[in-house]
Amino acid sequence: MGAVTGWVPVAEGLTCQTAAVLATADGRVFVKGVPVSDTDGVVGQDWEVAANPLVAGVAPLLLARVTVAGWDVLVFEYIDGRHADLTPGSADTALVARALARMQEVTADGLAPRLGDRYAHVLSDDEQLLLAGDALLHTDTNPHNLLIGASGARVVDWAMVASGPAWVDVALTAVRLMEAGWPDEAAVAWAGRFPSWRSADPVAVAALVAGVCRDWEARLGPDAARPSNLRYQALLGTAAGTRARRFARDDGGGEPAVGSV
């Protein structure tokens, strides 16, 4: 990378134990790493390495992977940007939609674990099969993993990839919009601009919601998990959700369909 002339630590991030922006003789780079003794962390970085060529243009380019002084380190191109603002009315949501539309076209090519397997501890075999698919899924489109720069939105941190139905990342992002203050119906209408969501099997959506909600309850307990779980349950085919999806399909919600941009 050339001589390092400065560095700025990056505090955000759940899938690494150190991260920083390095200033080098050849420009800035982003580095993230985990101790080689952190088996799960190294596996997450394995997935990032495998996914990176498939998501070129959506994710920052991986420049190098090095093991040094007991650390497994990934070096990425530096993206000069900020975290996405997903609040109602933000222009960032249109940029995020364009990035998601590009992601819809990426297949896993057998390089990612099955999404259903992630929830094997809380879903039946039949429910897990409903989450089968060949799309490469990010599964963690929280605002810290969405960078807005001059070239639009970039999606970072592909350590939690999975293979499954293409609509899953759309659904998970709609929940992030709810977290940012969008009314449930508006968030589901936003998801309805994606063809994959409009054609999603409601039974499969119910399986995803069941898996996420049961997993959160197992981790946090029912009371602590309830606020998040209510947002996920809004994705189901309730009367409000059905009206919102029909509005998005028939009227476009005032914006072009994602598939056309």
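Above this note sits the structure.
Predicted, not measured: the structure shown is a model, and the values here were computed from it. (Residues numbered from 1 in each chain as written. Predicted model: local features only at pLDDT ≥ 70, side-chain atom pairs only at ≥ 80, totals over all residues. Heavy atoms only, no water.)

Next up on the list: the sheet that holds strand 5 (residues 71-77). Reading across from one edge, 1-2-3-5-4 is the order of the five strands in this open sheet, with antiparallel pairing throughout. Either end of the sheet is taken by a strand with one partner, and the two such strands are strand 1 (4-9) and strand 4 (62-68). Here the strands of the sheet are splayed against their neighbours by 25° on average, with no regard to which way each runs. The pairing of strand 3 (residues 27-35) with strand 5 spans seven bridges and is antiparallel. Bridged to Pro35 within strand 5 is Trp71. (Pairing = 2+ DSSP bridges. Helix = DSSP H or I, 4+ residues; strand = E, 2+ residues; numbered from the N terminus. Axes fitted to C-alpha atoms, helices over the stretch in contact; angles between N-to-C directions.)

Here we come to helix 5 (residues 167-179). The end-to-end C-alpha distance of helix 5, which contains 13 residues, comes to 19 Å, matching closely the 18 Å that a straight helix rising 1.5 Å per residue would cover. Burial analysis of helix 5 places eleven of its 13 residues in the buried class, which makes it a mostly covered element. For helix 5, the full list of buried residues reads Trp167, Val168, Asp169, Val170, Ala171, Leu172, Thr173, Ala174, Val175, Leu177 and Met178. Directly after helix 5, the chain includes Gly181, whose backbone phi takes a positive value near 115°. (Expected span 1.5 Å × (residues − 1). Buried < 20%, exposed > 50% of the residue type's maximum accessible area, 1.4 Å probe, protein only.)

Relative to the helices and strands, Arg65 resides in strand 4. Note on Arg65: relative accessible area 32%, which makes it partly exposed. When the C-alpha atoms of Arg65 and Val49 are compared, they prove to be 8.3 Å apart, with 16 residues separating the residues in sequence. Among the polar contacts made by the side chain of Arg65, one reaches the side chain of Asp72 at a distance of 3.0 Å. (Polar contact = N/O pair within 3.5 Å; in protein donor to acceptor, adjacent residues only side chain to side chain.)

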